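Listed below are the residues making up each chain.
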Amino acid sequence: MANFNTHAGKTFVVEHLDPELEEWSSLEYHTIATECHATGAQFLLSSVPRSLKLPQNLQQINGLHVETRGIEEIYAEKKDKVCLLDPAASKDLSPEDGDTFDIFLFGGILGDDPPRDRTSELRKKGYQGRRLGPVQMTTDTAVRVTRIVVQDRVPVEKIPYIDHPELQINKNESTQMPFRYVKGEDGRLIMPEGMMDLIIKDSEKGLDDLL
Ligand SMILES: C[S@@+](CC[C@H](N)C(=O)[O-])C[C@H]1O[C@@H](n2cnc3c(N)ncnc32)[C@H](O)[C@@H]1O
């Protein structure tokens, strides 16, 4: 595992909260690493169990720093510089928060419907919290939106979104995603490479289980 050194500039930390690292998360983390690297930000994946073997697509990827330590240990001296992105926070993230905070913290958990508030595991550590609007996002979307707000200085409500999109699985079926996504310049939602194939594979598996 790579060692992480603190750099100048914004750092995006995803605290991995699951014992396993599912394919869905690995696609999200790969995208976060690639986008952070391309925009000069740091990406740290923390609390990764020592026993966990990183999936192939996360091995030796530029911009990914993996840590077995948790956020509290890594940034013990900088607690006031850490902002937790928290769907239950009373205040929305603003571009000015980019002047106050250096480190942005996210829950490395899969989204669920209805949301189970697993972000509370990080909230109880006492960090200042900010919301990214009222709709649940995937972790990679939450990191993308935070970067746009604090690095590109775009207010959270000015970012174009697509909410709860209906994805076509095959000729006859579609599935609705219970999340908010950023709308790309081509007018389509931004999601990790390979995610559509995984959603199709998972929904076919779900159908097989029903038969
Ligand atoms: C898929 S979400 C998990 C939400 C989940 N249902 C829960 O139990 O909290 C993963 C992470 O993205 C961030 N996130 C997602 N939507 C957000 C929002 N609307 N406001 C702030 N943070 C958000 C949070 O850091 C959250 O822990």
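Heads up: the structure comes first, above all this text.
Just so you know, these numbers come straight off a predicted model, no measurement behind them.

Colleague: So what exactly am I meant to see when it comes to the nonpolar core here?
Modeller: Considering soluble globular proteins, one finds that nonpolar side chains tend to be buried as a cluster. Residues Phe43, Phe104 and Val145 are the most contacted members of the largest nonpolar core, which totals 35 residues. Counting residues per element, the ones that place at least two in this core are β1 (11–16), α1 (23–38), β2 (42–46), β3 (64–66), β4 (82–85), β5 (103–108) and α5 (139–150). In terms of residue count, the dominant contributor to this core is α5 (6 residues). Excluding residues within four positions of it along the chain, Phe43 makes contact with Phe12, Val14, Tyr29, Ile32, Ala33, Cys36, Gly63, Leu64 and His65.

Colleague: Can you help me understand empty space enclosed by the protein in this one?
Modeller: Taking a probe equal in size to a water molecule and rolling it over the atoms shows the remaining empty space. Following the criterion strictly, the structure yields 1 cavity of 30 Å³ or more and no others. Forming the boundary of the largest cavity are Trp24, Glu28, Thr138, Asp140, Met177, Tyr181, Met191, Pro192, Met195 and Ile199. Mapped onto the lining of the largest cavity, the elements with two or more residues apiece are α1 and α6 (195–210). Classifying every residue of the lining of the largest cavity by side-chain character gives 7 nonpolar, 1 polar and 2 charged.

Colleague: Mind showing me how you'd approach unusual backbone geometry here?
Modeller: For residues that are not glycine, phi is negative in most cases, and the peptide bond is trans in most cases. Here Ser47, not a glycine, exhibits a phi torsion of approximately 60°, which is positive. Within the secondary structure, Ser47 is located in the loop between β2 and β3.

Colleague: Where do I start with the sheet that holds β2 in this structure?
Modeller: Pairing between sheet strands relies on hydrogen bonds along the backbone, with the strands arranged either parallel or antiparallel. Strand order in the open sheet made by the 6 strands is β3-β2-β1-β5-β4-β6, with parallel pairing throughout. Among the strands making up the open sheet, the edge pair consists of β3 and β6 (128–130). Geometrically, the sheet is characterised by an average inter-axis angle of 30° between neighbouring strands, direction not taken into account. Pairing between β2 and β3: 3 bridges, direction parallel.

About the criteria used
Residues numbered from 1 in each chain as written. Predicted model: local features only at pLDDT ≥ 70, side-chain atom pairs only at ≥ 80, totals over all residues. Heavy atoms only, no water. Core = buried A, V, L, I, M, F, W, Y, C linked by side-chain atoms within 4.5 Å. Buried < 20%, exposed > 50% of the residue type's maximum accessible area, 1.4 Å probe, protein only. Helix = DSSP H or I, 4+ residues; strand = E, 2+ residues; numbered from the N terminus. Contact = heavy atoms within 4.5 Å. 1 Å grid on protein atoms, 1.4 Å probe; cavity = no way out; pocket = protein on both sides within 12 Å on 5 of 7 lines; lining within 4 Å. Points joined across faces, edges and corners; volume = space filled by probe spheres on them. Nonpolar A, V, L, I, M, F, W, Y, C, P; charged D, E, K, R; others polar. Pairing = 2+ DSSP bridges. Axes fitted to C-alpha atoms, helices over the stretch in contact; angles between N-to-C directions.

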